[in-house]
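Summary of the model geometry
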Amino acid sequence: MKDIKDKNPLQLEILVQGPGEAEKDLIIAGFFEYEENEPELIGGAKQLNDGLQGKVMHIRRTAKRFVGQLGETYLFRSPANTIPGKNVMLVGLGPLKDFNVETAKAFGTAAFLRANMTNFTEVCLAPEIKDAGVNPYDGHAVTIALIEGIMLGYQKRLANNEKITIKKFFLLAGKANEENARNGLRDGLRHFYHTKY
C-alpha cells in the first residue's frame, strides 16, 4: 500500500480545539435526537451553544427546526460577535439509545456530503458523541468510523463525477482525546483503503 499520506485526498487532520474556538469556514456539530428534559449540554456542545449565545438550543428546543434525526442537517451563519467559525451546520445522530459505530459512519458520510454542497473549503467536524454520554465506544473507535464515513461520502461524489469543494477537513478533538483521535484518523484511513481496494 502507498504511504498513508497518499491516501488522504481531503487532507484530513486532527485539530485540538473546541467547536467554539475553530476559525474555519464551516463548523459541523453532531447532536442526538432531541428529547424533552434531556441533560444539559457539556463539553464542546456547551462551548458551541454558549459561544453562539444559546442559538443551538433555541433551534432545537424552541424553534424546533432541527430534531436531530440521523442524517438531518441544519445550516446557519454564525451571528456577528459570536464564535470565530463563520458558519455552523448541525447534523443529526439519531436517538442516543440507538448509537453504534455504524451510526458514526453514517454521520460522517452525511456531514461530508452536505458540507460539500456548501462550497466552503475548510471544514471542521465536532462529533460531540462522548460529551452526549456515549460510553461503550472510545474515541479511537468512533474516529475510525467517522473517517470511513467521510471517505465513503468522498468516493460517492467521485463516482458521480461531482466536484469536491472541500480542500481541508478537520476533526476537532479535546486535549484529553487527542491521541485516540490521531490514532483513529490513521487507522480509519488504513481500514478504509484495506477494505475497499
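Use the structure listed above.
An account of the accompanying structure is given in this report.

1. Some thoughts on the overall build of the protein chain
- In terms of helices and strands, the protein chain carries 5 helices and 6 strands.
- Element order for the protein chain, N to C, with α for helix and β for strand: β-β-α-α-β-β-α-β-α-β-α.
- Whereas a compact globule of 197 residues would reach a radius of gyration of roughly 16 Å, the protein chain reaches 16 Å, a difference of no more than 12%.
- Referenced to the eigenvectors of the C-alpha coordinate spread, the extents of the protein chain come out at roughly 50 × 35 × 30 Å.
- Out of the 197 residues in the protein chain, the part that is buried amounts to 51%.

2. Description of the sheet that holds strand β6 (residues 168-172)
- Taken in spatial order, the 6 strands line up as β1-β6-β5-β2-β4-β3 in an open sheet, and their pairing is mixed. Looking at the sheet topology across the chains shown, the edges are occupied by β1 (13-15) and β3 (73-77). Averaged over all pairs of adjacent strands, the angle between their axes in this sheet comes to 25 degrees, without regard to strand direction.
- When β1 meets β6, the two strands line up parallel, connected through 3 bridges.

3. Comments concerning the environment of Leu41
- You can see Leu41 is positioned in the loop between β2 (26-31) and α1 (43-51).
- In this structure the C-alpha to C-alpha distance between Leu41 and Tyr154, which are 113 residues apart in sequence, comes to 31 Å.
- Ignoring sequence-local partners within four residues, the contact set of Leu41 consists of Phe31, Lys46, Asn49 and Met57.

4. Notes on the packing of aromatic side chains
- Using the criterion set out here, one finds 5 aromatic pairs in the structure.
- Judged by centre distance (5.8 Å) and plane angle (85 degrees), the ring pair of Phe32 and Phe99 falls under edge-to-face. Linking Phe32 in the loop between β2 and α1 with Phe99 in the loop between β4 (87-92) and α3 (101-116), this pair joins segments that are 67 residues apart in sequence. One exposure class covers both Phe32 and Phe99, and it is buried.
- With centroids separated by 5.2 Å and ring planes inclined at 85 degrees, the aromatic side chains of Phe192 and Tyr193 adopt a geometry described as edge-to-face.
- Taking relative accessible area as the criterion, Phe192 reaches 1% and is therefore assigned buried.
- The class of Tyr193 is buried, set by a relative accessible area of 9%.
- One aromatic cluster in this structure is built from Phe112, Tyr154 and Phe169.
- Between Lys55 and the ring centre of Phe76, over which it is positioned, the NZ or CZ distance is 5.1 Å.

5. Some remarks on the nonpolar core
- Membership of the largest hydrophobic core comes to 38 residues, with the highest contact counts inside it found for Leu10, Leu12, Ile28, Phe112, Met151 and Phe169.
- Of all the secondary structure elements, the ones that give two or more residues to this core are β2, β4, α3, β5 (122-126), α4 (139-159), β6 and α5 (178-196).
- Residues Leu48, Phe66, Phe76 and Ile83 belong to the second largest nonpolar core, which totals 13 residues.

6. A look at helix α2 (residues 55-62)
- Three or more residues of α2 are buried, namely Val56, Met57, Ile59 and Arg60. Around the axis of α2, the buried residues are gathered within 155 degrees of arc, so they sit on the same side.
- Buried-residue contacts for α2 involve β2, α1, β3 and β4.
- Remark: Lys64 follows α2 within two positions and exhibits a positive phi of approximately 55 degrees.

7. With respect to the pairing of β5
- Within β5, 4 of the 5 residues are buried, which leaves the element mostly enclosed by the surrounding structure.
- Bridge analysis of β2 against β5 gives 4 bridges, and the strand direction is parallel. Bridge pairing in β5 links Ile28 to Leu125.
- Bridge count for β5 against β6 is 4 bridges, and the pairing is parallel. Looking at β6, one finds that Leu125 is bridged to Leu171.

The rules behind the values
Residues numbered from 1 in each chain as written. Predicted model: local features only at pLDDT ≥ 70, side-chain atom pairs only at ≥ 80, totals over all residues. Heavy atoms only, no water. Helix = DSSP H or I, 4+ residues; strand = E, 2+ residues; numbered from the N terminus. Rg over C-alpha atoms; globule rule 2.2 N^0.38 Å. Buried < 20%, exposed > 50% of the residue type's maximum accessible area, 1.4 Å probe, protein only. Pairing = 2+ DSSP bridges. Axes fitted to C-alpha atoms, helices over the stretch in contact; angles between N-to-C directions. Contact = heavy atoms within 4.5 Å. Phe/Tyr/Trp six-rings, centres within 6.5 Å; stacked < 30°, edge-to-face > 60°. Lys NZ or Arg CZ within 6 Å of the ring centre and 35° of its normal. Core = buried A, V, L, I, M, F, W, Y, C linked by side-chain atoms within 4.5 Å. Arc of directions from axis to C-beta.

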